[in-house]
Amino acid sequence: MLSFFARRISLSLVTLFLLSIMVFLGGQVLPGNVGRAILGPFADQRAVDALNHTLGVDRPLLTQYATWIWNFVRGDMGTSYIFRSPVAPFVIDALGNSMKLAAVAFVLVVPIGILGGVVAALNLNRPLDRIISLGGLSVTVLPEFVTGIILILIFGVWLRWLPISAAWPKDAGFFTQLYYLILPSLPLFLVLFGYIARMARSGMIEALDSDYTRTAVLKGLPWRTVIWRHVLRNALLPTITVIATQTGYLIGGLVVIETLFRYQGIGSLIFTAARGKDFPMLESGILTIGIVYAVATLIADFLYSVLNPRIRLGSDQ
Amino acid sequence: MSKNYRILDLIRRSRSPLENHLIDGLVDGRVSRRDFIRHGSLLGLSLPLLGGITTAAGLSGMPSLARAAGAAGATIRVASSVPAAAIDPVTIADAGGLVVLQQVAEFLCVDGPDLVLKPALAESWKPNDTGTVWTFKLRKGVKFHSGGEMKADDVVASIDRLADPANSSNALSVFTGILQKGATKKVDDYTVEFHLDAPNGNFPYMVSSDNYNAVIIPASYKGDYETSFDGTGPFKIEKYTAKVGASFVRNDNYWGEKALPDRSEFTFFTDVQPMILALQGGQVDIINQMPVLAGVALLSDPSVDIISLKSVAHQQLHLRCDSDPFKDPRVRRAIALSLDRDKLVAGLMKGRASPGNDSPFAPAYPSTDTSVPQRKQDIAQAKQLMEAAGAGKGFKVTLTTERYLEIPEYAQLIQNWVKEIGIELELNILDQGGYYGDAVFGKSNWLDSVMGITDYGHRGVPNVFLAAPLKSDGTWNAAHFKNKDYDTLANSYIAALDLEAQKATAGKIQNLLLEETPVIFGYFYDYLTATAKGVAGVQPTAMSQLFLEKATKA
């Protein structure tokens, strides 16, 4: 078990290292340079060169990368080329915001999605199953900006029940922040609901059809016990994997939602950094998401192994 | 109204020959009242004096500004784009950043919505006889927010900082060939002279709000503007949070009339759609700059007012004069003749634009020669030109451009129109980074493409448009247009101090460019600002500045 996790952690570190190199090289391929991005296309080339020199982006690429990665490993994310101030507060704030939004979306979608899947499976091929399956599929395929704008128009512009912008006032308490996060989390709910419900449904169908369920029923166990003890435990395994993989999306891939709701998440931070070729911000942002993703996957693996002893045993053998 | 020659004579006695020539032009009817006021302001004549002269010349005086309609003491909430970089007067280059900067810091003069230059930190200015030295008299008793008095040393340091190539100055492209570091000289504490590289009849615009970096800040500035936001403006910084927003409070020590609002709040958005929703949802009062296509829904929204300024912002369609298939000017003219400019204005721009005539001389400029005929769609003539140039069978060519504002839609319209004269246009629409590239020849789709569309912002005078994209040695000459006659005419226009001389040269330039057509200027679009009903006294400029000191809310 321990060696299993040690191996998984080492693999994650190698992946993150390779990711940092790929992001750096990818950033170099993008046209233009930092000085040009800051001063604009119509700036004098002498001014652009002077700015690049001040920022240190005219140094050899290897030097730039090595300096940055060495500092990152020691806990220093560097200084933003664009904002000319330390990167860490930007990344930490943005990550915190993204996690808050992701948490609200998760708290809404995970239980309701699983419940939807379970109810659908228990009502297989009945109208309720079709409503949940087809309804979930329909809302999942709708892009977030479409559902986002529709929700804003209904709840923000017409009814004026919820704030359009997710940026809460300064010093806002927990409940105020929650209030501001309801509207932006709804499009995420709609995107993920169908996905999670579908996985839960298929897991349930498989589990309900399995030998151990049949055995449990034949043993005369009450139906509720069969579902809770035998079916759900096995049915949720693939769902947990799906939820873990969606963590990366919820933390790092919400550029559209963040733009639409003016939310200062890490997705838009990375997007801005990529456009401005702000390498320290870009690298730090992406690597931070990479770390979150790696940790989420490790937690999923852990949960999986707790729920499924075969994995534990397999790893120890 | 009759002319009062006695008063006119009295005024004329104390004026320079150049100023008197302008006054004569007004009295004789050679110069319109509107052009007189614009050009008079450029020469440094005060607005009350200009009003007095127009009244004495038998015309109505200056238009009075509408009085504030709502209550003072409000908090005005503005939606604006996210500043693209740190707020620094030297490097700032984008609308989101410059609107924040302009709330706290001021210019020597301000280019108003009618292109009339209005005094701000400078009370008056005037050129020498040749236009090589411009002398600015500074306002006395102006205090920085940090406490010190604004004097000539601060002006010299602020402008020198921008003209120094070592400083990463975004204004360097404005001052190159015009004003060098060290050429701004203090005469006394309240007088500054600008010694120019060459005569320049429009120089005051280069140190006005037209050059958004040219705010006057303390001489001691060391490059850490976000720690102080020091300036002389009617508002002081309250709080600035990068990427999020900024708020300002009234400066009670302001040299002029105190601001009416207690506070203003700027909220930064990365996209215009959320701005529109925020205005409709009552979370902001103003959208600083609203692109017409994105904001179509607001144009007819009864709860929204649109402030529409005639600007000269435009999209330049360049045709490479040194490459096939555009070497022959007849082919270039044929393409220009295939465009339906009325449809561009009415359809693409929803009437919020003026037709272009393939030169930078927009209808809004007082020096534009309006007697030059407007080019209109003429497919038959375009086909004849294609035949004459040996391109009757047509050809295939790529139009490279950027995904910005209405440019992709404009490109599609051009694609349809040139099909009628046998040209098959392939569109290559890139993001802005990909289009501009390194923005130097050989490393830029913008400057290297055989045909492209590039966005150009507003300028109060056409100098920059005449030089950089069109002169043989122009740094933005994407058309690779090299014409000695044009270069001479452009230099002559830039040097001219007299409006009528400018207009005469403008006419020649306009005719030459119609003949050569290296760049197609299809339309000049209006600058739109949206405000919630009940918000009054808001004064935007087409350079994306937003003056809020007279703003009120119902």
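Remember, it's a predicted structure, so these values are computed and weren't measured experimentally.

This part covers the overall build of chain B. Check the secondary structure of chain B and you find 18 helices and 21 strands. Scaling as 2.2 N^0.38, a compact globule of 554 residues should have a C-alpha radius of gyration of about 24 Å, and chain B matches this with 24 Å. Over its C-alpha atoms, taken along the principal directions, chain B stretches across nearly 70 × 55 × 50 Å. Put simply, 70% of the contacts in chain B that link residues at least 6 apart link residues at least 24 apart. Carbon and sulfur atoms make up 50% of the accessible area of chain B, which totals about 20200 Å². Considering chain B, the positive charge centre built from 56 side chains and the negative charge centre built from 62 side chains are found 3 Å apart.

With that settled, the discussion passes to the side chain of Glu 406 of chain B. Residues and elements named next belong to chain B. For Glu 406, the location among the structural elements is in the loop between strand E14 (395-402) and helix H13 (407-419). Of the side chains with opposite charge, Lys 350 comes closest to the buried, unpaired Glu 406, at an N-O distance of 11 Å. A distance of 2.9 Å separates polar atoms of two side chains, one belonging to Glu 406 and the other to Gln 315. Among the polar contacts listed, one links the side chain of Glu 406 to the side chain of Tyr 523, at a separation of 2.6 Å.

Facing the 38 residues of chain A at the interface are 44 residues of chain B. Both sides together, the interface formed by chain A and chain B hides about 3300 Å², and carbon and sulfur atoms give 62% of it. By the criterion of area lost to chain B, the three top residues of chain A are Phe 42, Phe 83 and Arg 262 of chain A, representing 21% of everything that side buries. Across the contact surface, chain A and chain B share 1 salt bridge. At the boundary of chain A with chain B, the tally comes to 13 residue pairs in polar contact (both at pLDDT 80 or more). Looking at the side of chain A that touches chain B, the elements with two or more residues in it are helix H2 (34-39), helix H3 (45-55), helix H7 (144-158), helix H11 (255-260) and helix H12 (266-275) of chain A. Class assignment for the residues of the side of chain A that touches chain B results in 20 nonpolar, 11 polar and 7 charged.

Attention now moves to the pairing of strand E15 (residues 423-430) of chain B. With 8 bridges connecting them, E14 of chain B and E15 of chain B associate as parallel partners. Paired with Thr 398 of chain B across the two strands is Glu 426 of chain B, which belongs to E15 of chain B.

With that settled, consider unusual backbone geometry. Residues and elements named next belong to chain B. Looking along the chain, the bond that leaves Asp 324 and enters Pro 325 is cis, with omega of 5°. Take Pro 325: it is sitting in the loop between strand E12 (304-319) and helix H10 (329-338). Positive phi is not limited to glycine here, since Leu 405 has a value of about 45°. Positionally, Leu 405 belongs in the loop between E14 and H13. For Leu 405, a relative accessible area of 30% gives the class partly exposed.

Let us now look at the packing of aromatic side chains. Applying the stated criterion across every chain yields a total of 33 aromatic pairs over all chains. One aromatic cluster in this structure is built from Phe 42 of chain A together with Tyr 435, Tyr 436, Trp 446, Tyr 456, Phe 465 and Trp 476 of chain B. Above the ring of Phe 269 of chain B, the side-chain terminus of Arg 262 of chain A is found at 5.4 Å from the ring centroid.

As a further point, take the packing of helix H5 (residues 87-122) of chain A against H12 of chain A. Residue and element names in this part refer to chain A. The interhelical angle for the contact between H5 and H12, taken along N-to-C directions, is 140°, at an axis separation of 8 Å. As summarised for this structure, H5 and H12 are arranged oblique, according to the angle between their axes. Mapping the contact onto sequence places Phe 90, Val 91, Ala 94, Leu 95 and Ser 98 in H5 and Ile 266, Gly 267 and Leu 269 in H12. Taken together, the residues that form the contact of H5 with H12 break down as 6 nonpolar, 2 polar and no charged.

About the criteria used
Residues numbered from 1 in each chain as written. Chains lettered and ligands numbered in written order. Predicted model: local features only at pLDDT ≥ 70, side-chain atom pairs only at ≥ 80, totals over all residues. Heavy atoms only, no water. Helix = DSSP H or I, 4+ residues; strand = E, 2+ residues; numbered from the N terminus. Rg over C-alpha atoms; globule rule 2.2 N^0.38 Å. Contact = heavy atoms within 4.5 Å. Areas by Shrake-Rupley, 256 points an atom, 1.4 Å probe, with all protein chains shown as cover. Lys, Arg positive; Asp, Glu negative; His and termini not counted. Charge placed at Lys NZ, Arg CZ, Asp CG, Glu CD. Buried < 20%, exposed > 50% of the residue type's maximum accessible area, 1.4 Å probe, protein only. Salt bridge = Lys/Arg side-chain N within 4 Å of Asp/Glu carboxyl O. Polar contact = N/O pair within 3.5 Å; in protein donor to acceptor, adjacent residues only side chain to side chain. Buried area = accessible area lost by both parts, 1.4 Å probe. Nonpolar A, V, L, I, M, F, W, Y, C, P; charged D, E, K, R; others polar. Pairing = 2+ DSSP bridges. Phe/Tyr/Trp six-rings, centres within 6.5 Å; stacked < 30°, edge-to-face > 60°. Lys NZ or Arg CZ within 6 Å of the ring centre and 35° of its normal. Axes fitted to C-alpha atoms, helices over the stretch in contact; angles between N-to-C directions. Parallel < 35°, antiparallel > 145°, perpendicular 65-115°, else oblique.

As far as function goes, none of this settles anything; it's purely spatial.
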